[in-house]
Each structure stands twice: as structure tokens, then as C-alpha cells.
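Chain by chain, the residues run as shown.
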Amino acid sequence: ARRHGAVKAEDTFKTSPFHLDLWFYFTLQNWVLDFGRPIAMVVLPLEWFPLNKPSAGDYFHMAYNVITPFLLLKLIERSPKTLPRSMVYVSIIMFVMGASIHLVGDSVNHRLIFSGYQHHLSVRENPIIKNLKPETLIDSFELLYYYDEYLGHSMWYIPFFLILFIYFTGCFTPVEEESRMPVAALLLMGPSSLYYWYLVTEGQIFILYIFTFFAMMALVMHQKRKGLVLDSNGLFLFSSFAITLVLIALWVAWLWNDKTLRKKYPGVIYIPEPWAFYTLHLSNLHAAQEGL
């Protein structure tokens, strides 16, 4: 008990410098291995990756599924506060499982584009799906879509945001001077925020994101009453999430009157996916370039 108390007292006063290396690697691999997945699949010649084999984007996804949990564990290790290990480990296991489920579903769904599948339409409204015989095959494609967009995303993103929040709980310090971000952090904030915008919009996880952000805000206000402020790492994460909210608002405002996307996203929360926007408005431009 004495040792446990000593650890807790030590946690309160330990400081943590800005993790430039981890945040840089984290942002870089997010952009290359996650955002770059569909781009690599579209840009690279189809002859290199036949439709019945994994695409370049699939290999990117495999690398992401290994590197991201490793970086998350490293981030947790560097926390100045002792964090609940069991919750972290279970979250990492669920993250890897969810991202792997998503890998399979996303791989097939993206390959369907080469057969004329249109992501801005629902599964049953797609011309290539409508003509499938027997009709029970349509149910199979809807199951695939469920694993990709719902189950895979939930098991991937819920642990991801949970781990970030667990880390965030340890990012407080009584020293005001430590609540400043170095220049490198300010430079990283733009790419980091833009990636979170992509993650929230493409993953359709606005509720999860906004819940996490509100929980962060509540924790900041609670700790402020105790005389604690965010350190440079916590400030970087919190600021990135705040800018993400602004980017999402601008994205929604820009596409507010798009009738086709409105039809696909009819709910109260209207946040179109960038990939659906691409297949609706930009894929014809890409096809024209391919024909030149």
C-alpha cells in the first residue's frame, strides 16, 4: 500500500516533455497507411494488383494494423501517470481485431469500384448489385458492408478513442509553464487535425468523436478546479480535436445542399464520407484521365 501511495504521489509531480517523435510517427503513418490506402489502390496500375489478389491499399492496411497499436502502447508507456493496464491491453486487442475485420470488408468494397460500384449509393441501389441472381447474394453484400462500415468501424474506433482518452487523463501538470506547445507541435497540429477530420467523416463516427471531445473538455474543467493544467502533449491532442470540429463544420456546410449525398445520409446528423464524395463527383475525372 505504501509503494502504491508513493507511485500516486510521484505521478502528480512527474513531467512529460512533448513527444515529438511519437506524434510525428503517429501522424505520418496515419496519413500514409490509412488515408493513403484508397489513393494507392486507385493510382497504382491495376495490372500490378489483380482484382482477385490484395491491393496495394490492403498491404498499407496490414502495416497500419501492426504499427498503430505499437505506437499507442508506446504513447501510454510515456504517460507521467500510472494508467489502467488491463483496460489498455483489452482496448488494443479489440482495436487490432476491429481493424482486421475492416481490412477484409474494405478491401472487397473498394475493389468493387472497378466493377462499377458507386459508394454514394446504398448497397441495394447500386446498379451492379441490383441485377445479382439469386437475390440472396444481395444479402451477402449487405453483410459484407455491415462488417466493413459498422462492426469493423466500431471495434476499431471505440478502442482507439478510448486509448487516446486514457492517455489524455495523464496529461495534467500543476506547472503553468509546461502548458505550452513547442513550434514542432504547432506545425504538426494542421496535419493531425486534418487526419482526424478524415477519420471522423469517412468512418462515420461523429457521435464517438464528439463524446470523446466533450469528455476531454469536462476533464479539463474538473482538473482546473484542482489547479492543474494540460501539459504540452495534452494541449496538442485537445487542440487537434478542437480544430477537427471546425473542419467538420466547414465540410458539412460546403455539402449541405448536395441532394444525392443527402439521400444517402438522411439522418439527423448529416456528415458525408469523403470517399462517397469522390465516387460521386471526382471518379469521372479520374476515368477521363485514365482514357488519355
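Residues numbered from 1 in each chain as written. Predicted model: local features only at pLDDT ≥ 70, side-chain atom pairs only at ≥ 80, totals over all residues. Heavy atoms only, no water.

- The name an unreviewed UniProt entry gives the chain is CLN6 protein, with Rhinopomastus cyanomelas as the organism.

### Details of a nonpolar patch on the surface
Inference 1: On the surface, a cluster of nonpolar side chains totalling about 460 Å² of accessible area is made up of L20, F24, Y25, L28 and V32.
Inference 2: By secondary structure assignment, the location of V32 is in helix α2 (residues 20-43). (Patch = residues over 30% accessible without salt bridge, like charges linked within 9 Å, V, L, I, M, F, W, Y side chains within 5 Å. Areas by Shrake-Rupley, 256 points an atom, 1.4 Å probe, with all protein chains shown as cover. Salt bridge = Lys/Arg side-chain N within 4 Å of Asp/Glu carboxyl O. Helix = DSSP H or I, 4+ residues; strand = E, 2+ residues; numbered from the N terminus.)

### Quick notes on the packing of helix α3 (residues 56-77) against helix α6 (residues 136-168)
Inference 1: Where α3 contacts α6, the two axes come as close as 10 Å, and the packing angle between them is 25°. The pairing of α3 with α6 is recorded here as roughly parallel in orientation. When the axes of α3 and α6 are compared, the crossing they make is left-handed. Between α3, through H61, Y64, T68, L72, L75 and I76, and α6, the contact on the second element is made entirely by W156, F160, I163, L164, I166 and Y167. (Axes fitted to C-alpha atoms, helices over the stretch in contact; angles between N-to-C directions. Parallel < 35°, antiparallel > 145°, perpendicular 65-115°, else oblique. Left-handed = near helix turned anticlockwise from the far one by under 90°. Contact = heavy atoms within 4.5 Å.)

### Regarding α6
Inference 1: The end-to-end C-alpha distance of α6 is 47 Å, a good match for the 48 Å that 33 residues give at a rise of 1.5 Å each.
Inference 2: Where α6 bends most, the angle comes to about 40°, and this point is H153. (Expected span 1.5 Å × (residues − 1). Bend = angle between axes of the 7 residues up to and from the residue.)

### A few points about the UniProt feature "transmembrane region" (unreviewed entry) in the chain
Inference 1: As annotated by UniProt and renumbered to match this structure, "transmembrane region" (unreviewed entry) occupies residues 59-76, 88-105, 156-175, 205-222 and 234-256.
Inference 2: For residues 88-105, the end-to-end C-alpha separation is 26 Å, with 100% helix and 0% strand making up the annotated structure.
Inference 3: Between the end C-alpha atoms of residues 205-222 the distance is 26 Å, and the span holds 94% helix and 0% strand. (UniProt positions renumbered as here; feature names shortened; annotations may be inferred.)

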